[in-house]
Amino acid sequence: TNTRILLEYFKQNNYEYIAKNASYFEPAPAPDVEIKTPQETSSYEKTLFLYGRPNVDRNLFYSAIAAIDKALGDERLQKYKWTIYSAGSNEVPNLRLKNGLTIINKGKMSTDDYYIFAQSVDVTVSPMLAPHPNYPTLELANLGSTVVTTKWQTKQDLSFYSKNIFMADPTVDSMAQKIIEAATLT
């Protein structure tokens, strides 16, 4: 299976054959690229990235957009100049949030473009309503971004991968709160 957390899910939910016979591996999150250090980021200009796939229910696309809108409307984040991007689907138009900011869709990027872009991200929102982390969560955290992802059953804590990963309940309010926390640490 892909991750120890996923194998634990199978064990806790009585998937006996898998629990007895499966091996697991931990994904290698990113190629050898330059990891961003805090002094490379302007203290007042921030980039937020949404891993956005509206046709994949487990990625909670619409809840994530509402959480981003709510979080960036919070007075603690108003001092920053935000640039917001989404990627993962070519079908998503640029989206104007209620707070006046626009999410710019980069669509599906090539692997090289993705890793070049990922190095510029301060805060990532990458929900995953599944018993394992998604690759953008691990990749972006590895590259120095703070990442907000969602808890689900056996996936409650990903700090053993990175202290940059913030776990939220799969609700707009919880994700918004974690986005605020993640943004104020970058």
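What comes next is a walk through the structure. Residue positions are given per chain, counted from 1 along the sequence in the order it is written. Where local features are concerned, this predicted model is filtered to residues with pLDDT of at least 70; where side-chain atom pairs are given and counted, the filter is 80 or more; whole-chain, interface and lining totals use all residues. For the side-chain quantities, the full set of heavy atoms in the structure was used; hydrogens and water were omitted.

**Section: helix α3 (residues 61-72)**
With twelve residues, α3 extends 16 Å between its outermost C-alpha atoms, agreeing within 8% with the 16 Å of an ideal straight helix rising 1.5 Å per residue. Each residue is assigned to one of three classes by its accessible area relative to the maximum for its type, calculated with a 1.4 Å probe on protein chains only: buried under 20%, partly exposed between the two thresholds, exposed over 50%. In this text, helices come from DSSP runs of H or I with a minimum length of four residues, and strands from runs of E with a minimum of two, each type numbered from the N-terminal end. Among the residues of α3, Phe 61, Ala 64, Ile 65, Ala 67, Ile 68, Asp 69, Ala 71 and Leu 72 are the ones counted as buried. Throughout, a residue-residue contact means that at least one pair of heavy atoms, one from each residue, lies within 4.5 Å. Lining the buried residues of α3 we find β1 (45-51), β2 (81-87), β3 (95-96), β4 (102-105), β5 (123-125) and α6 (172-185). Take the residue count of a helix, subtract one, and multiply by 1.5 Å to get its expected span.

**Describing the nonpolar core**
Residues grouped as a nonpolar core are buried Ala, Val, Leu, Ile, Met, Phe, Trp, Tyr and Cys residues, joined through side-chain atoms within 4.5 Å. Leu 48, Ile 68, Leu 77, Trp 82, Ile 84 and Ile 179 are the most contacted members of the largest nonpolar core, which has 27 residues in total. Taken together, the elements giving at least two residues each to this core come down to β1, α3, β2, β5, β7 (165-168) and α6. When residues of this core are assigned to their parent elements, the largest contribution, seven residues, is made by α3. If we ignore the near neighbours within four places in the chain, the residues touching Leu 48 are Ile 68, Trp 82, Thr 83, Ile 84, Tyr 85, Val 123, Val 125 and Ile 179.

**Quick word on the sheet that holds β7**
When DSSP finds two or more bridges between a pair of strands, those strands are recorded as paired. Sheet architecture is open: seven strands sit in the order β3-β4-β2-β1-β5-β6-β7, paired in mixed fashion. The two strands at the open ends of the sheet, each matched to only one other strand, are β3 and β7. Throughout, an axis means a line fitted to C-alpha atoms (over the contacting stretch in the case of helices), and angles, computed between N-to-C directions, take values from 0 to 180 degrees. Sitting on the sheet, α3 is in contact with β1, β2, β3, β4 and β5, with an inclination near 165° to β1. Running at roughly 160° to strand β6 (residues 146-150), helix α5 (residues 135-142) makes contact with β1, β5, β6 and β7 of the sheet.

**Looking at the side chain of Arg 53**
With respect to the element layout, Arg 53 can be found in the loop between β1 and α3. Just so you know, the count uses Lys and Arg for positive and Asp and Glu for negative, and it drops His and the chain ends. The term salt bridge refers to a side-chain nitrogen of Lys or Arg lying within 4 Å of a carboxyl oxygen of Asp or Glu. One buried charged residue, Arg 53, remains without a salt bridge, the closest side chain of opposite sign being Glu 91 at 9.7 Å. Beyond its immediate stretch of four places on either side in the chain, Arg 53 contacts Arg 58, Asn 59, Phe 61, Gly 88 and Ser 89.

**Focus: the environment of Tyr 115**
Here Tyr 115 lies in helix α4 (residues 111-118). Each C-alpha atom of the pair Tyr 115 and Trp 82 lies 20 Å from the other, and the pair is 33 residues apart in sequence.

**A closer look at the environment of Pro 27**
With respect to the helices, strands and loops of the structure, Pro 27 is situated in the loop between α2 (16-21) and β1. Taking the C-alpha atoms as reference points, Pro 27 and Ser 43, separated by 16 residues in sequence, lie 32 Å from one another.

**A few points about the packing of aromatic side chains**
Each Phe, Tyr or Trp ring, with Trp reduced to its six-membered ring, pairs with another whose centre is within 6.5 Å; inter-plane angles below 30 degrees give stacked pairs, above 60 give edge-to-face pairs, and intermediate values give tilted ones. All told, the structure shown has eight aromatic pairs when counted by the stated rule. Taking 6.5 Å as the distance between ring centres and 40° as the angle between the ring planes, the aromatic pair formed by Tyr 44 and Tyr 80 counts as tilted. Here Tyr 44 is found in the loop between α2 and β1, whereas its partner Tyr 80 is found in the loop between α3 and β2, with 36 residues between them in sequence. Judged by centre distance (4.5 Å) and plane angle (35°), the rings of Phe 160 and Tyr 161 are tilted. Each member of the aromatic cluster is reached from another via a ring pair, and the members are Tyr 44, Tyr 80 and Trp 82. Here, over-ring charges are defined by two tests on the NZ atom of lysine or the CZ atom of arginine: distance to the ring centre within 6 Å, and angle to the ring normal within 35 degrees. Between the NZ or CZ atom of Lys 46 and the centre of the ring of Tyr 80, over which it lies, the distance is 4.9 Å.

**A closer look at the pattern of salt bridges**
For the structure on display, the rule yields three salt bridges. Among the ionic pairs, Asp 173 bridges to Lys 70, the shortest N-O distance being 2.3 Å. One end of the pair, Asp 173, is in helix α6; the other, Lys 70, is in helix α3, with 103 residues separating them in the sequence. Of the residues examined, Lys 70 reaches a relative accessible area of 46% and is grouped as partly exposed. Residue Lys 178 is joined to Glu 181 by a salt bridge in which the shortest nitrogen-to-oxygen separation is 3.5 Å. With a gap of three residues between them, Lys 178 and Glu 181 both fall in helix α6, about one helical turn apart. On the accessibility criterion, Lys 178 (22% relative accessible area) is partly exposed.

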